[in-house]
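As a plain string of letters, each chain reads:
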Amino acid sequence: MQLYNTLSAKERAELIEAAGKERLTISFYQYAKIENPQELRDALFLFWDSIEVLGRIYIATEGINAQLSVPAENFQQFKDHLDTISFLKDVRLNIAIEQDNFSFLKLKVKVRSKIVADGLNDDTFDVTNKGVHLNAIKFNEILEDPDTVLVDMRNHYESEIGHFKGAVTPDVDTFRDSLDIIEDDLKEHKEDKKLVMYCTGGIRCEKASAYYKHKGFKQVYQLEGGIINYFRQVEKEGLENKFIGKNFVFDERRAEKISDDVIAHCHQCGKPADTHVNCANEGCHLLFIQCEECAEKMNHCCSEECKEIIALPYEEQKKLRKGKNNSNKIFKKGRADYLPYISKKE
Ligand SMILES: [Zn+2]
Ligand SMILES: [Zn+2]
């Protein structure tokens, strides 16, 4: 029985291309009490691996959070199988707006202590006591209400390239920081203001809305299924799109375009740009926004220093990296003091 990946990402990409199959990029989550996460993990891995599902899935005793891609022809099998698991029956599947066969290159199913790193102690409040879920129509409506405060529950590098018009976008690196800042900003308005929140696919708002209710907020709302699901409804039902820019996503695609506006700036020259890249120096790998001209001029690097390093023979670069671990910078922060145009809050 093979319970783990054996192929490299590159080998996997070659296989996908050779197979020539359309894939669907999907995400879903569910808070539920899972007694034995490891058992579920192994069962899901075995079945999903057999139908060529790829992706990144976290399972904890509090639930499951999955981002994955499924060959289109196996979608029904995938869905039928989910329906056999009681707490996943009819779970809402967010299907990505922009499809890309290479959104995921491996299947990684991991048991974690939590399905979202939220920095919160679960025992302090009831996660199932969430806010009122809003579909796109209701969400658009509530944004017109002068008593509404709209809050983006994502991190700074996500809201930087796209957000809802008029949203408060906390300048934070973590979800935990965001919770505190918003609570402090609104502490005088726990009863009279409508606290409306959104995130990428809805999962962060499940926690946040329950948290704010626990903290005494009386009118708490959340965008059902997040930006991904909102845009689907906007397109399908011909609604007004109140989101500007790109939706940052946590897979190889990095972002999907929701409107044609480019609201961010190249971190190096300041001109309008909203493409996230990783610094080409493997020992750095900083995630930042770079325009095409700067990419060319800087040889895809974030700094002169990194540019010098990648000009060295590979063996020497490896020596420089020894003992340093930068692999986690990929989706981290996107901030560096030496980048002159890190977007300032307006
Ligand atoms: Zn530039
Ligand atoms: Zn760099």
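Data block above holds the structure.
Residues numbered from 1 in each chain as written. Chains lettered and ligands numbered in written order. Predicted model: local features only at pLDDT ≥ 70, side-chain atom pairs only at ≥ 80, totals over all residues. Heavy atoms only, no water.

Q: Would you mind going over the coordination of the zinc ion (ligand 1) with me for this structure?
A: Tetrahedral coordination by four donors sets the ideal angle at the metal to 109.5 degrees; octahedral coordination by six donors sets it to 90 or 180 degrees. Of the protein atoms, only Cys-266 (SG), Cys-269 (SG), Cys-291 (SG) and Cys-294 (SG) coordinate the zinc ion (ligand 1), at distances of 2.3 Å. Around the zinc ion (ligand 1), the 4 donor atoms sit at angles spanning 104 to 114°, and that spread fits a shape best called tetrahedral. (Donors = N, O, S within 2.8 Å, 3.2 Å for Na, K, Ca; no water. Tetrahedral: all angles 85-135°; square planar, octahedral: opposite > 155°, others 65-115°.)

Q: I tried to follow the pairing of strand S9 (residues 194-198) on my own but got confused; where do I start?
A: Walk down a regular strand and you will see the side chains alternate between the two sheet faces. A large share of S9 lies buried, amounting to 5 of its 5 residues. Both faces of S9 are covered, namely the face carrying Lys-194, Val-196 and Tyr-198 and the face carrying Leu-195 and Met-197. Sheet topology note: the strand S7 (residues 148-152)/S9 ladder contains 5 bridges and is parallel. Within S9, the position partnered with Asp-152 by the bridge is Tyr-198. As defined by bridge partners, S9 adjoins strand S10 (residues 220-223) across 3 bridges and the pair is classed as parallel. From the neighbouring strand, Val-196 faces S10, where its bridge partner is Tyr-221. Once you follow S9 into helix H7 (residues 203-214) and on to S10, the crossover reads as right-handed. (Buried < 20%, exposed > 50% of the residue type's maximum accessible area, 1.4 Å probe, protein only. Helix = DSSP H or I, 4+ residues; strand = E, 2+ residues; numbered from the N terminus. Pairing = 2+ DSSP bridges. Right-handed = clockwise from strand over helix to strand, strands pointing away.)

Q: Could you clarify how one ought to interpret the nonpolar core in this entry?
A: Side chains of a nonpolar character, in soluble globular proteins, are inclined to be buried together. Among the nonpolar cores identified, the biggest contains 24 residues, and Phe-28, Trp-48, Ile-57, Leu-68 and Phe-78 are the most heavily contacted of them. Of all the secondary structure elements, the ones that give two or more residues to this core are strand S1 (23-31), helix H2 (37-50), strand S2 (54-60), strand S3 (63-71), helix H3 (75-83) and strand S5 (107-111). Beyond its immediate stretch of four places on either side in the chain, Phe-78 contacts Ile-26, Phe-28, Trp-48, Ile-51, Val-53, Leu-68, Val-70 and Leu-93. (Core = buried A, V, L, I, M, F, W, Y, C linked by side-chain atoms within 4.5 Å. Contact = heavy atoms within 4.5 Å.)

Q: I keep staring at the sheet that holds S5 and nothing clicks. Help me out?
A: The pairing of strands in a sheet comes from backbone hydrogen bonds and takes either a parallel or an antiparallel form. The 5 strands lie next to each other as S4-S1-S3-S2-S5, forming an open sheet whose pairing is mixed. In the strand order of this sheet, the two ends are held by strand S4 (94-95) and S5, each with one partner. Summarising the sheet, S1 and S3 pair through 9 bridges and their orientation is antiparallel. Following the sheet pairing, Ile-26 is matched in S3 by Leu-68. Sheet strands in contact with H2 are S1, S2, S3 and S5, and its direction is about 170° off that of S5. (Axes fitted to C-alpha atoms, helices over the stretch in contact; angles between N-to-C directions.)

Q: Help me understand the coordination of the zinc ion (ligand 2) in this model?
A: Protein-derived coordination of the zinc ion (ligand 2) comes from Cys-279 (SG), Cys-284 (SG), Cys-302 (SG) and Cys-306 (SG), at a distance range of 2.3 Å. Each donor residue of the zinc ion (ligand 2) lies on one chain, and together they are spaced C-x4-C-x17-C-x3-C. Of this pair, Cys-284 sits in the loop between strand S13 (276-278) and strand S14 (287-289) while Cys-306 is found in helix H10 (residues 304-310), placing the two residues 22 residues apart along the sequence. Grouping residues by exposure puts Cys-284 and Cys-306 together as buried.

Q: Is there a simple way to think about the pattern of salt bridges in this case?
A: Between side chains of opposite charge, a pair can form as their charged atoms come close. Scanning the entire structure with this criterion turns up 18 salt bridges. Across the pair Glu-256 and Arg-253 runs a salt bridge whose closest N-O atoms are separated by 2.9 Å. (Salt bridge = Lys/Arg side-chain N within 4 Å of Asp/Glu carboxyl O.)

Q: Honestly, the side chain of Gln-233 in this entry has me stumped. Any pointers?
A: Mapping Gln-233 onto the fold places it in helix H8 (residues 226-237). The class of Gln-233 is buried, set by a relative accessible area of 13%. Within the structure, Gln-233 has its side chain in polar contact with the backbone nitrogen of Ala-136 (distance 3.0 Å). Sequence-distant contacts of Gln-233, that is, excluding residues within four places in its chain, are made with Asn-135, Ala-136, Gly-238 and Leu-239. (Polar contact = N/O pair within 3.5 Å; in protein donor to acceptor, adjacent residues only side chain to side chain.)

Q: Explanation requested: H8 in the structure shown.
A: Count 3.6 residues to each turn of an α-helix, and residues three or four apart come out pointing the same way. The terminal C-alpha atoms of H8 lie 17 Å apart, and with 12 residues this matches the ideal 16 Å at 1.5 Å per residue to within 8%. All of the buried residues along H8 are Gly-226, Ile-227, Ile-228, Asn-229, Tyr-230, Phe-231, Gln-233 and Val-234. Just downstream of H8 lies Gly-238, where phi reads positive at about 60°. (Expected span 1.5 Å × (residues − 1).)

Q: Whenever I open this one, the packing of aromatic side chains confuses me. Can you help?
A: What describes a pair of aromatic rings is the distance from one ring centre to the other and the angle between the planes of the rings. Tallied over the entire structure, the rule returns 11 aromatic pairs. Measuring from ring centre to ring centre gives 4.6 Å for Phe-164 and Tyr-198, while their planes differ by 85°; the resulting arrangement is edge-to-face. Here the residue Phe-164 occupies a position in strand S8 (residues 162-164), and Tyr-198 occupies one in strand S9, the gap between them amounting to 34 residues. You'll find Phe-164 and Tyr-198 in the same group, each marked buried. Relative to Phe-250, the ring of Phe-248 has its centre 5.2 Å away and its plane inclined at 70°; by these criteria the two rings are edge-to-face. In terms of burial, Phe-248 and Phe-250 fall into one category: buried. Connected via pairs of aromatic rings, a cluster forms that spans Phe-139, Phe-164, Tyr-198, Tyr-230 and Phe-243. Directly above the ring of Tyr-58 sits Arg-112, whose terminal nitrogen or CZ lies 4.1 Å from the centroid. (Phe/Tyr/Trp six-rings, centres within 6.5 Å; stacked < 30°, edge-to-face > 60°. Lys NZ or Arg CZ within 6 Å of the ring centre and 35° of its normal.)

Read these as layout, nothing more, since geometry by itself doesn't imply function.
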